[in-house]
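In case you want the letters, here they are:
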Amino acid sequence: MDIFKEIEFKNHEQVVFCSDKQSKLRAIIAIHNTTLGPALGGTRMWTYPSEQEALIDVLRLSRGMTYKAAVTGLNLGGGKAVIIGDPNKDKTQELFRAYGRFVNGLGGRYITAEDVGTSVQDMEWVHMETKYVTGIDHSTHNGGDPSPVTALGVFYGMKACMKELTGNDSLNGRKIAVQGAGHVASYVCDHLAKEGAKIIVTDIYEHKAKAVIEKTKAMYVRPDEIYDLEADVFCPCALGGILNDETIPRLRVSVIAGGANNQLADENKHGQMLIKHGILYAPDYVINAGGLISVANELDGNSRESAFKQAEGIYDTILKIFSLAKKQNIPTYEASNRLAEERLATVTRRHSLSAGKSKRGET
Ligand code: NAD
């Protein structure tokens, strides 16, 4: 594999391959862009079928983090890491400590947190070797599980979609189809229930859906039926790639607003397809930025309340994106990419201006 020619590698600042024989660690840390600040992004542990797939995943995910931080107004860069291994079998303290030493070696250019396949416990082990880690235990620090903050952002983002569509942001009486009944979905459903929405939920594990149903009086459908429901909003809170050639033509909703990452299987193709189907799409990395907001506040030593307050701001960001999309006649995902790129370009320009000044001895 020709790594430097790897298309997704384009524009990454640094990619670090980590190997530790004793703990059997094989990890890749990708730093996409540090223009706005240190690269922050979680560590994913997954049974990647090949090293190439692990590399492509980390390169895509780290680029996404740059855009998420930029459009959310955070002073953070984009980074992500993957550990190649089975999260159900291969986790040891030794492995995460070895990984923590690699993170530490980057001297703060990359700060990590949990992601798919890693937990608060794993980050506590990483924390034994480095201070460059967030999302650690709530009782001893001011952070912990970011899901409640993510969920609040999704809820406010969904309200913004309703405002855009109807002029009224209330979700009372609206029918919301929620895919997944995990951490984020369960908190989203709490907010929806309080607002008086009609919730329909699914999960591949029925017991998880049941737990949500008991709390919120939601209705249950089987996992594949969620795409065929007539509803106001489809709220994907499970895995990525679920908006694709097969599912989009089946959707009978007006809005897609959910917490899952990488919802569009192909950003361009499926973003356009949603427009053709008359569906308003809240770009995933914008509406689910509450998780990043949570860890950013933890890093700054702010309270949880401050993170929740900031997550409410996702409402305005989503409306700003819709307004730009209309003005420039572009899809909403493209409008959010443009906003992110504009912010990065402004800061880059400022950097080069001050570098020019210091070369000339000015301050
Ligand atoms: P989670 O593992 O707690 O929940 C995911 C749920 O989806 C699980 O219950 C799983 O059984 C279910 N699921 C998987 N495939 C499904 C399918 N095909 N149909 C129905 N259910 C299915 O994860 P989470 O932390 O709630 O995260 C959910 C999504 O939100 C992920 O895409 C994650 O990357 C994204 N996200 C999470 C956060 C956060 O703060 N946790 C932040 C940003 C983005």
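Above this text sits the structure in question.
Just so you know, these numbers come straight off a predicted model, no measurement behind them.

Overview of the packing of aromatic side chains
Using the criterion set out here, one finds four aromatic pairs in the structure. Here Tyr-67 and Tyr-285 contribute two aromatic rings whose centre-to-centre distance is 6.3 Å and whose plane-to-plane angle is 75 degrees, an arrangement assigned as edge-to-face. Taken together, the residues Tyr-67 in helix 1 (residues 51-72) and Tyr-285 in helix 8 (residues 284-287) connect sequence positions 218 residues apart. The class of Tyr-67 is buried, set by a relative accessible area of 9%. The buried category is assigned to Tyr-285, whose relative accessible area is 10%. A centroid spacing of 6.1 Å and a plane angle of 35 degrees characterise the contact between Phe-96 and Trp-125, whose relative ring orientation is tilted. On the criterion of sequence distance, the pair formed by Phe-96 in helix 2 (residues 93-105) and Trp-125 in helix 3 (residues 120-127) is long-range, its members being 29 residues apart.

Notes on helix 3
Taken together, the buried positions of helix 3 are occupied by Asp-122, Met-123, Trp-125 and Val-126. Taken down its axis, helix 3 places every buried residue within 150 degrees of arc, on the same side. Buried residues along helix 3 sit against strand 4 (43-46) and helix 2.

Observations regarding the pattern of salt bridges
This model, assessed by the stated rule, comprises 22 salt bridges. Note that Glu-129 and Arg-97 form a salt bridge whose closest N and O atoms lie 2.7 Å from each other. A residue pair is termed long-range when its members are at least 10 positions apart, and Glu-129 in the loop between helix 3 and helix 4 (147-166) and Arg-97 in helix 2 qualify at 32 residues. In this structure Arg-97 comes out as partly exposed when scored by relative accessible area, which is 27%. The partner of Arg-252 in a salt bridge is Glu-230, with the nearest N and O atoms 3.4 Å apart. Linking Arg-252 in the loop between strand 10 (233-236) and strand 11 (255-256) with Glu-230 in the loop between strand 9 (219-220) and strand 10, this pair joins segments that are 22 residues apart in sequence.

Some thoughts on the environment of Val-255
Within the secondary structure layout, Val-255 lies in strand 11. For Val-255, a relative accessible area of 0% puts it in the buried group. For the pair Val-255 and Ser-50, spaced 205 residues apart in sequence, the C-alpha to C-alpha distance is 36 Å. Residues contacting Val-255, with those up to four places away along its chain left out, are Cys-161, Leu-165, Asp-232, Val-233, Phe-234, Ile-279 and Leu-280.

What about the nonpolar core?
Generally speaking, a soluble globular protein has its nonpolar side chains buried in company with each other. Tyr-99 and Leu-192 are the most contacted members of the largest nonpolar core, which has 87 residues in total. Looking at this core, the element that brings in the most residues is helix 4, giving eight residues. In contact with Leu-192, not counting residues within four places along its chain, are Phe-155, Met-158, Leu-171, Ile-176, Val-178, Ala-197 and Ile-199. Listed in part, the 20 residues of the second largest apolar core include Ile-200, Leu-229, Ile-242 and Leu-243.

Digging into the pairing of strand 1 (residues 14-20)
The sheet contact formed by strand 1 and strand 2 (residues 25-33) spans seven bridges and is antiparallel. Bridge pairing in strand 2 links Phe-17 to Ile-28. Here strand 1 folds back onto strand 2 in antiparallel fashion, the turn holding four residues, of which Lys-24 has a positive phi close to 65 degrees.

Overview of the site of the ligand
Around the ligand, the surrounding shell holds 18 residues, and the nearest of these are Thr-150, His-183, Val-184, Asp-203 and Ala-238. With respect to the ligand, the backbone of Val-184 contributes an N or O atom lying 2.9 Å from an oxygen atom. Between the ligand and Ala-238 there is a distance of 2.7 Å, counted from an oxygen atom to a backbone nitrogen or oxygen. With the chains in place, 79% of the 830 Å² that the ligand exposes on its own is no longer accessible. For the shell around the ligand, the secondary structure elements donating two or more residues are helix 4 and helix 5 (183-195). Residue classes in the shell around the ligand are distributed as seven nonpolar, nine polar and two charged.

Here is what the cut-offs are and how they apply
- Sequence positions are assigned chain by chain, starting from 1 and proceeding in written order.
- Local features are withheld for residues below a pLDDT of 70 in this predicted model, meaning they are given only at 70 or higher, and side-chain atom pairs are given and counted only at 80 or more; totals for whole chains, interfaces and linings count all residues.
- Based on all heavy atoms of the structure, the side-chain values leave hydrogens and waters out of the count.
- Working definition: a ring pair exists when centres of Phe, Tyr or Trp rings (six-membered ring for Trp) sit within 6.5 Å. Plane angles under 30 degrees give stacked, over 60 give edge-to-face, the rest tilted.
- Helix and strand assignments come from DSSP, with helices taken as H or I runs of at least 4 residues and strands as E runs of at least 2, each series counted from the N terminus.
- The rule is simple: take the accessible area with a 1.4 Å probe, protein chains only, and divide by the maximum for that residue type; under 20% is buried, over 50% is exposed, in between is partly exposed.
- For this quantity, the arc is that covered by the directions from the helix axis to the C-beta atoms.
- Contacts: residue pairs with any heavy atoms within 4.5 Å of one another.
- Salt bridge, as used here, is a side-chain nitrogen of Lys or Arg placed within 4 Å of a carboxyl oxygen of Asp or Glu.
- We call a set of buried Ala, Val, Leu, Ile, Met, Phe, Trp, Tyr and Cys residues a nonpolar core when their side-chain atoms join them within 4.5 Å.
- Pairing between strands is defined by DSSP: at least two bridges between them are needed.
- Here a residue counts as near a molecule or strand whenever at least one of its heavy atoms sits within 4 Å of it.
- In protein, a polar contact means a hydrogen-donor-capable atom and an acceptor-capable atom, both N or O and within 3.5 Å, with residues adjacent in sequence counting only if both atoms are side-chain atoms; elsewhere, any N or O pair within 3.5 Å suffices.
- Here the Shrake-Rupley method, with its probe set to 1.4 Å, supplies the accessible areas, and only the displayed protein chains count as covering residues.
- Only Asp, Glu, Lys and Arg are considered charged in this grouping, and only Ala, Val, Leu, Ile, Met, Phe, Trp, Tyr, Cys and Pro are considered nonpolar; every other residue, Gly among them, is considered polar.

Any functional reading would require information beyond the geometric quantities listed.
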